[in-house]
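# Structural characterization, general
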Amino acid sequence: MSTVSEKACDFRELLPVCGMDSAQCRAARALLKWTQEELAARSGASAVTIRNFENDRSVPQTGTRYLLQKTLEHAGIEFIPENGGGVGVRLKKRSSAE
C-alpha cells in the first residue's frame, strides 16, 4: 500500500490545488469502495480527521487535504472543478494497457 509523502512538496504552493471539499472526499471514497479507515491508512491522515472533514465538523490543514486529494487521485479519482454544473468526482478512464 503506497502513501503520498508529506515531505515531497512545499505546502505553501498547494493552496490553489487543494480545492477538494467534504462532499468530493465522500464521493471519491464511495467510487473506490474505501472506508474512512482505508483512506487514512493509505494517506497517512487520521481516520478522525477524515471523519470530521466529511461530516463538516472541521477542515483539515492544507497539507492534509493535499495528501487526501493526491491519495485519491493516485487511486484513479479525477476531481472536477466548478464549471457551471458544480464540482464533482469521477473515475479516470483506464487505458486498455492497464
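Going along each chain's sequence as written, the residues are numbered from 1 onward. Since the coordinates come from a predicted model, pLDDT governs what is reported: local features require at least 70, and pairs of side-chain atoms require 80 or more to be given and counted, while whole-chain, interface and lining totals use all residues. As a rule here, side-chain values cover all heavy atoms of the structure and leave hydrogens and water aside.

Looking at an unreviewed UniProt entry, the protein chain carries the name Multiprotein-bridging factor 1 family protein, with the source organism given as Labrys neptuniae.

### As for the packing of helix H2 (residues 36-43) against helix H3 (residues 47-54)
Packing of H2 against H3 leaves a shortest axis separation of 8 Å and a crossing angle of 125 degrees. Considering the angle they form, H2 stands oblique to H3. Our pair here, H2 against H3, has a crossing hand that is right-handed. Of H3, the residues touching H2 (which contributes Gln-36, Glu-37, Leu-39, Ala-40 and Ser-43) are Ala-47, Ile-50, Arg-51 and Glu-54. A per-class count over the contact of H2 with H3 returns four nonpolar, two polar and three charged. To obtain an axis, a line is fitted to C-alpha atoms, over the contacting stretch when the element is a helix, and the angle between two such axes runs from 0 to 180 degrees between their N-to-C directions. Starting at the N terminus, helices and strands are each numbered in turn, a helix being any DSSP run of H or I of at least four residues and a strand any DSSP run of E of at least two. Oblique is the label for any angle not under 35 degrees, not over 145, and not in the 65 to 115 range, which are roughly parallel, roughly antiparallel and roughly perpendicular in turn. A crossing counts as left-handed when the near helix is turned anticlockwise from the far one by less than a right angle, and as right-handed when that turn is clockwise. Residues count as neighbours in contact if any of their non-hydrogen atoms are within 4.5 Å of one another. Three residue categories are used. Nonpolar comprises Ala, Val, Leu, Ile, Met, Phe, Trp, Tyr, Cys and Pro, charged comprises Asp, Glu, Lys and Arg, and polar comprises the others, including Gly.

### Let's talk about the pattern of salt bridges
Whenever Lys or Arg places a side-chain nitrogen within 4 Å of a carboxyl oxygen from Asp or Glu, that contact is recorded as a salt bridge. Tallying each qualifying case throughout the model produces five salt bridges. The closest approach of N and O atoms between Glu-38 and Arg-42, which form a salt bridge, is 3.1 Å. Separated by four residues within a single helix, Glu-38 and Arg-42 lie in helix H2, roughly one turn from each other. Relative accessible area decides the class of each residue, using a 1.4 Å probe on protein chains only: under 20% of the type maximum gives buried, over 50% gives exposed, and in between gives partly exposed. Overall, Glu-38 belongs to the partly exposed group, its relative accessible area being 26%. Across the pair Lys-70 and Glu-73 runs a salt bridge whose closest N-O atoms are separated by 2.9 Å.

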